[in-house]
Amino acid sequence: MRRMRASDAHRRMIRETRLSPDRFIYPLFAVHGEGVRRPIESMPGCAQLSPDLLVEEASELVSLGIPAALLFGVPARKDAVGSESRDPHGAVQEALRALKRACPSLLLIADVCLCAYTDHGHCGMLNEHGFVENDPTAALLAETALSHAQAGADMVAPSDMMDGRVGAIRSALDAAEYAHLPIMSYAAKYASAFYGPFREAADSAPQFGDRRSYQMDPPNVREALREIELDIQEGADIAMVKPAMPYLDVIRAARGRFETPIAAYQVSGEYAMIKAAARLGWLDEQAAALESLTSIARAGADMIVTYFAKDAARLL
Ligand code: PBG
């Protein structure tokens, strides 16, 4: 086997997986205001940004050859039903409008969820027992997706894990003349410990309990395939597995079963682990970042949502 590993030229010839910026989706955190940059401590290099600074970020993404950004909002106010998520003047909606105007070639994907907008931090509406109510939440998510479409989103990405929300969003978009807008569904999203830094970034930690009654149980893979199948039936154009590295087997299984494009989300904790180890001098950050992204692509992800997108694009 070593004959074909002899030089870089040999290795390039037989390389089975190639990374390119074409695969990357870069997450952005939108806040209200002007000139606002709030760095996220546990995610070095990432910050909450106001629309004017998001525009600068967006032109950098375009110049690096990254086709898409995924937008999260940090609202001015939170309430029990997450009203700002569907406010035409919400943080994400304002950001979408500014970005679409300044950077029309960048694909804008809006994350659809309530957790950053609710005062209790759960991904939906609660009943009197503190249980997240499924169908009323799906209706609010459909309204949220519609407000993103109206503000200029090119795609919506529900990340809440309610049943039937892809169908509800599809119907709402179709009824309002957004039949052309694709849905990237967080189809197999696990109740993971690796979201910790993100919850600081989006200020979205649940104030009581956890997300295990709606996000998936980490030991399961057949259940992930059922989730993906249902979302495809409801109209998902892209199915996502999240997190990525701890769930490479799920990505692989999804790739083997479905012809739908598969995305994977290398989440905040995966990013933070590499960053922190590199800071301590325990890992080579660039090599570890590229190896982690290569492994996610090798497992079968067509697209990778990653906080390393800009660094990796530069290296590639
Ligand atoms: C919101 C959402 C989460 C992430 C993306 N969308 C967090 C969660 O479910 O708590 C995680 C992203 C990351 O960790 O990078 N539902």
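Residues numbered from 1 in each chain as written. Predicted model: local features only at pLDDT ≥ 70, side-chain atom pairs only at ≥ 80, totals over all residues. Heavy atoms only, no water.

**Examining the nonpolar core**
Then, in step 1: Phe29, Leu70, Leu173, Met184 and Tyr265 are the most contacted members of the largest nonpolar core, which totals 107 residues.
Then, in step 2: In terms of residue count, the dominant contributor to this core is helix α4 (residues 134-151) (7 residues).
Then, in step 3: Discounting chain neighbours no more than four positions away, the residues touching phenylalanine 29 are Ile40, Met43, Ala47, Gln48, Leu49, Leu54, Phe72, Phe198, Ala201, Ala202 and Tyr307. (Core = buried A, V, L, I, M, F, W, Y, C linked by side-chain atoms within 4.5 Å. Buried < 20%, exposed > 50% of the residue type's maximum accessible area, 1.4 Å probe, protein only. Helix = DSSP H or I, 4+ residues; strand = E, 2+ residues; numbered from the N terminus. Contact = heavy atoms within 4.5 Å.)

**A few points about the site of the ligand**
Then, in step 1: Lining the immediate environment of the ligand, one finds 17 residues, of which Lys189, Arg199, Lys242, Ser268 and Tyr307 sit closest.
Then, in step 2: At a separation of 2.6 Å, an oxygen atom of the ligand approaches a polar side-chain atom of arginine 199.
Then, in step 3: Lysine 242 places a side-chain nitrogen or oxygen 3.3 Å from a nitrogen atom of the ligand.
Then, in step 4: Expressed as a share of its isolated accessible area of 400 Å², the protein-covered part of the ligand is 100%.
Then, in step 5: Taken together, the residues of the shell around the ligand sort by class into 9 nonpolar, 3 polar and 5 charged. (Near = heavy atom within 4 Å. Polar contact = N/O pair within 3.5 Å; in protein donor to acceptor, adjacent residues only side chain to side chain. Areas by Shrake-Rupley, 256 points an atom, 1.4 Å probe, with all protein chains shown as cover. Nonpolar A, V, L, I, M, F, W, Y, C, P; charged D, E, K, R; others polar.)

**A short note on the side chain of arginine 86**
Then, in step 1: Take arginine 86: it is sitting in the loop between β4 (68-73) and α3 (91-102).
Then, in step 2: Within the structure, arginine 86 has its side chain in polar contact with the backbone oxygen of glycine 82 (distance 3.0 Å).
Then, in step 3: When residues no more than four places from it in sequence are discounted, the contact partners of arginine 86 are Val81, Gln93, Leu114, Leu140, Glu143, Thr144 and Ser147.

**A closer look at a negative patch on the surface**
Then, in step 1: Side chains of Glu128, Glu133, Asp135 and Asp163 sit close together on the surface and give a patch of like negative charge.
Then, in step 2: Positionally, aspartate 163 belongs in the loop between β6 (155-158) and α5 (165-175). (Patch = residues over 30% accessible without salt bridge, like charges linked within 9 Å, V, L, I, M, F, W, Y side chains within 5 Å. Salt bridge = Lys/Arg side-chain N within 4 Å of Asp/Glu carboxyl O. Lys, Arg positive; Asp, Glu negative; His and termini not counted. Charge placed at Lys NZ, Arg CZ, Asp CG, Glu CD.)

**What to know about helix α10 (residues 285-299)**
Then, in step 1: Between its first and last C-alpha, α10 extends 21 Å over 15 residues, near the 21 Å set by a 1.5 Å rise per residue.
Then, in step 2: Among the residues making up α10, those that are buried are Ala288, Ala289, Ser292, Leu293, Ser295, Ile296, Ala297 and Ala299.
Then, in step 3: Among the structural elements, β1 (24-30), α8 (248-257), β9 (262-266), α9 (268-279), β10 (303-306) and α11 (309-315) are those in contact with the buried residues of α10.
Then, in step 4: The backbone nitrogen of glutamine 286 lies 3.2 Å from a side-chain oxygen of the residue at the head of α10, namely aspartate 284.
Then, in step 5: Count one or two residues on from α10 and you reach glycine 300, which has phi positive near 130 degrees. (Expected span 1.5 Å × (residues − 1).)

**Some words on the pattern of salt bridges**
Then, in step 1: What the rule picks out here adds up to 15 salt bridges.
Then, in step 2: With a shortest N-O distance of 3.4 Å, aspartate 203 and lysine 78 are connected by a salt bridge. Separated by 125 residues along the polypeptide, aspartate 203 in the loop between α6 (196-201) and α7 (222-234) and lysine 78 in the loop between β4 and α3 bring together distant segments of the chain.
Then, in step 3: Accessibility expressed as a relative area gives 44% for aspartate 203, which makes it partly exposed.
Then, in step 4: Where arginine 170 meets aspartate 174, a salt bridge forms, and the shortest distance between an N and an O atom there is 3.0 Å. Of the two residues, arginine 170 and aspartate 174 both sit in helix α5, 4 residues apart, roughly one turn of that helix.
Then, in step 5: Counted as one network, the salt bridges with shared partners bring together Glu57, Glu60, Lys275, Glu285, Lys310, Asp311 and Arg314.

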